[in-house]
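Here are the chains, one letter per residue:
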Amino acid sequence: MALTGMDIYKQLPKTNCKDCGLPTCMAFAMQVAAKQKNLTDCPHLSDQAKTTLSEASEPPMKLVTIGTGDKACKTGRETVMFRHEEKFHNSTLIAIRLKASLNDGDALKTVEKINEARFIRVGETLKLHLFAVELDGCSDPVARVKAVAEKSLLSLILIGNDANVMKDCVDAVKAQKPMIYGANASNIDAMAGVAASAKVPLAVSGGSNEELADLAQKAKDKGAEEIVLCFKGDKPGQTLRDLTSARRVCLKKNFRALGYPAMVDLNGFSEEAEPIFASVFSIKYGGIVIVNGTEPWQYLPILTSIQDIYTDPQVPNTVEAKLYEIGSPGDDAPVLFTTNFALTYFSVAGEVERSKIPAYISVVDTEGLGVLNSYAGDKISPEKVVKTLAAQKANEKVKHHKLIIPGLLPIYKGEIEDISEWKEVIIGPETSREIPAFLHKTWK
């Protein structure tokens with residue numbers, strides 16, 4: 001919870017010694033509240049005041065880290081209910097379930113397949129984050145966990161109800177900091193003891209928010225430091241209500257007993273329904289979602305939803321305004337221009353690449369707006385397009401004087417021809433998906 005200047009001032013020595021560089025303690029408190037100064041800039045702050053202010057300023061939702069090194073992934077420490085209020089910070093983690101019923105060979109084949117799953121969208125690489133390894137029913141749980149840990153490029157969640165088996169498995173891969181999932185009312189003391197001893201995260205599972213709060217407190221009392229609240233996804237409507245309620249009382253009421261990231265365990269849904277519910281819970285408000293589907297058509301829609309909702313709404317999603325080469329264009333290659341809104345550029349670039357016709361794409365700085373929005377907001381003009389092309393020396397790349405402009409800006413054709421050396425302006429298609437056919441038809 002954010003501290004006010006007065007909250008901070010009450011903990012200061014109030015001597016106005018100026019050792020912090022400001023004339024008064026009140027001025028220093030206001031600067032700290034505005035995040036322009038650090039508490040450590042006061043050399044006379046008592047240890048008790050440091051502890052008090054540190055605890056009070058701690059975000060309502062704890063941060064949990066699963067894995068170490070390059071495999072480490074974080075969840076939690078969210079501060080708002082809705083993205084437009086600020087932004088969402090740590091994107092939802094998708095875990096692929098490795099069922100105990102799989103034989104060792106099939107389990108490792110799945111691991112290898114998911115390791116290689118990488119998708120480029122709007123300039124970002126989309127990938128999965130975790131393997132959720134089932135222990136109960138596995139013939140040799142420790143061997144399974146060791147084999148998966150050795151092959152996996154992702155961090156691990158270990159699923160099981162037997163605390164003794166869980167301890168053996170955690171000890172085998174403790175250095176990789178897996179998360180334990182299986183703590184409930186019947187085994188909370190033993191499971192929390194395993195998590196506390198190994199210093200690994202613990203997921204607690206209960207039937208209601210009240211039970212989850214109680215289990216989380218018991219786990220904390222036993223020494224578990226990183227806790228995740230697990231919600232069963234078998235009743236989507238109720239799960240969504242519980243997730244929303246837990247998030248609201250955590251952030252709005254500062255109810256610390258539910259101040260932990262949430263995990264949703266999806267099981268029992270059809271192959272077609274699972275991606276839908278996983279996408280819903282990724283948006284509201286699952287920090288981790290466990291799914292069964294291992295095919296791209298099953299998990300790629302989920303990753304796309306996550307990318308969209310975790311994009312910072314306060315920062316335009318842009319690409320650098322420069323001249324891009326698609327393929328290996330020569331001096332007879334077409335020249336197109338578009339805006340620096342990332343989705344617009346990558347849509348255009350992807351379709352040009354699909355056409356198999358090498359080309360140059362000039363990106364004009366429109367402050368992150370698409371074609372129509374930049375036109376409506378006066379962020380683009382024929383003069384700006386011409387100046388951009390000149391600065392990027394596009395004319396030196398080709399021997400022709402032809403320029404392809406977006407089909408949504410046909411009004412620019414005459415003016416660009418009048419004020420520049422681009423004497424033949426060709427009006428392109430209105431949507432990027434029409435680019436391949438357009439280039440094959442018009443560019444000889």
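To be clear, the structure that these remarks concern was listed above.
This is a predicted model, so every value here is computed, not measured.

## Description of the overall build of the protein
Right, so step 1: On a plain count of helices and strands, the protein comes out with 16 helices and 17 strands.
Right, so step 2: Overall, the protein is about 80 × 70 × 35 Å in size when its C-alpha atoms are taken along their principal axes.
Right, so step 3: With 444 residues in all, the protein has 48% of them scored as buried.
Right, so step 4: Pairs at least 24 residues apart make up 66% of the contacts formed inside the protein by residues separated by at least 6 positions.
Right, so step 5: Split by element, the accessible area of the protein, about 21,300 Å² in all, is 50% carbon and sulfur.

## Thoughts on unusual backbone geometry
Right, so step 1: With an omega dihedral of -20°, the bond running from K284 to Y285 counts as a cis peptide bond.
Right, so step 2: Here the phi dihedral of K14 falls at roughly 60°; this positive angle occurs in a residue that is not glycine.
Right, so step 3: On the accessibility criterion, K14 (39% relative accessible area) is partly exposed.
Right, so step 4: Positive phi, close to 55°, is recorded for R77, a residue that is not glycine.
Right, so step 5: On the basis of relative accessible area, R77 is assigned to the partly exposed category, the value being 34%.

## Points about the nonpolar core
Right, so step 1: Counting 67 residues, the largest nonpolar core has L158, I180, L202 and V204 as the members making the most contacts within it.
Right, so step 2: Considering every element that reaches this core, the biggest residue donor is helix 7 (residues 188-198), with six residues.
Right, so step 3: In this view, L202 contacts M179, I180, A183, M191, A192, A195, A219, A224, E226, I227 and V228; residues no more than four positions away in its chain are not counted.

## Overview of the state of the cysteines
Right, so step 1: For the coordinates displayed, the defined rule picks out zero disulfides.
Right, so step 2: C138 takes part in no disulfide bond, and the closest cysteine sulfur, belonging to C169, lies 8.1 Å away.
Right, so step 3: C230 forms no disulfide, and the closest cysteine sulfur to it belongs to C73, at a distance of 16 Å.

## A few points about the packing of helix 6 (residues 163-173) against helix 7
Two quantities define a packed helix pair, namely the angle between the axes and the distance from one axis to the other.
Right, so step 1: For the pair helix 6 and helix 7, the least separation of the axes is 9 Å and the interaxial angle reads 15°. Here helix 6 lies roughly parallel to helix 7, going by the angle between them. Every pair of crossing elements has a handedness; the one defined by helix 6 and helix 7 is right-handed. Packed against helix 6, whose contacting residues are A163, M166, K167 and V170, the element helix 7 presents A190, M191, V194 and A198 at the interface.
Right, so step 2: Of the residues in the contact of helix 6 with helix 7, the class split is seven nonpolar, no polar and one charged.

## Re the packing of aromatic side chains
Right, so step 1: Applying the stated criterion across every chain, the model contains six aromatic pairs.
Right, so step 2: Arranged with centres 5.6 Å apart and planes meeting at 55°, the rings of F88 and Y310 form a pair that is tilted. With F88 in the loop between strand 2 (73-76) and strand 3 (93-98) and Y310 in the loop between helix 11 (296-309) and strand 13 (323-326), this residue pair connects regions lying 222 residues apart in the sequence.
Right, so step 3: Given a relative accessible area of 5%, F88 falls into the buried group.
Right, so step 4: Taking 4.8 Å as the distance between ring centres and 40° as the angle between the ring planes, the aromatic pair formed by F269 and F277 counts as tilted.
Right, so step 5: Judged by its relative accessible area of 24%, F277 falls in the partly exposed class.

## Quick notes on the sheet that holds strand 3
Right, so step 1: Strand order in the closed barrel formed by eight strands is 3-6-7-8-9-10-11-12, and the pairing between neighbours is parallel. This sheet shows a mean twist of 25° between the axes of neighbouring strands, independent of strand direction.
Right, so step 2: Of the strand pairs in this sheet, strand 6 (residues 130-134) and strand 7 (residues 155-159) are connected by five bridges, and their pairing is parallel. Within the sheet, the bridge partner assigned to F131 lies in strand 7 and is L156.
Right, so step 3: Contacting strand 10 (227-232) and strand 11 (262-265), helix 9 (residues 236-251) runs over the sheet at an angle of about 155° to strand 10.

Rules used throughout
Residues numbered from 1 in each chain as written. Predicted model: local features only at pLDDT ≥ 70, side-chain atom pairs only at ≥ 80, totals over all residues. Heavy atoms only, no water. Helix = DSSP H or I, 4+ residues; strand = E, 2+ residues; numbered from the N terminus. Buried < 20%, exposed > 50% of the residue type's maximum accessible area, 1.4 Å probe, protein only. Contact = heavy atoms within 4.5 Å. Areas by Shrake-Rupley, 256 points an atom, 1.4 Å probe, with all protein chains shown as cover. Core = buried A, V, L, I, M, F, W, Y, C linked by side-chain atoms within 4.5 Å. Disulfide = S-S within 2.5 Å. Axes fitted to C-alpha atoms, helices over the stretch in contact; angles between N-to-C directions. Parallel < 35°, antiparallel > 145°, perpendicular 65-115°, else oblique. Left-handed = near helix turned anticlockwise from the far one by under 90°. Nonpolar A, V, L, I, M, F, W, Y, C, P; charged D, E, K, R; others polar. Phe/Tyr/Trp six-rings, centres within 6.5 Å; stacked < 30°, edge-to-face > 60°. Pairing = 2+ DSSP bridges.

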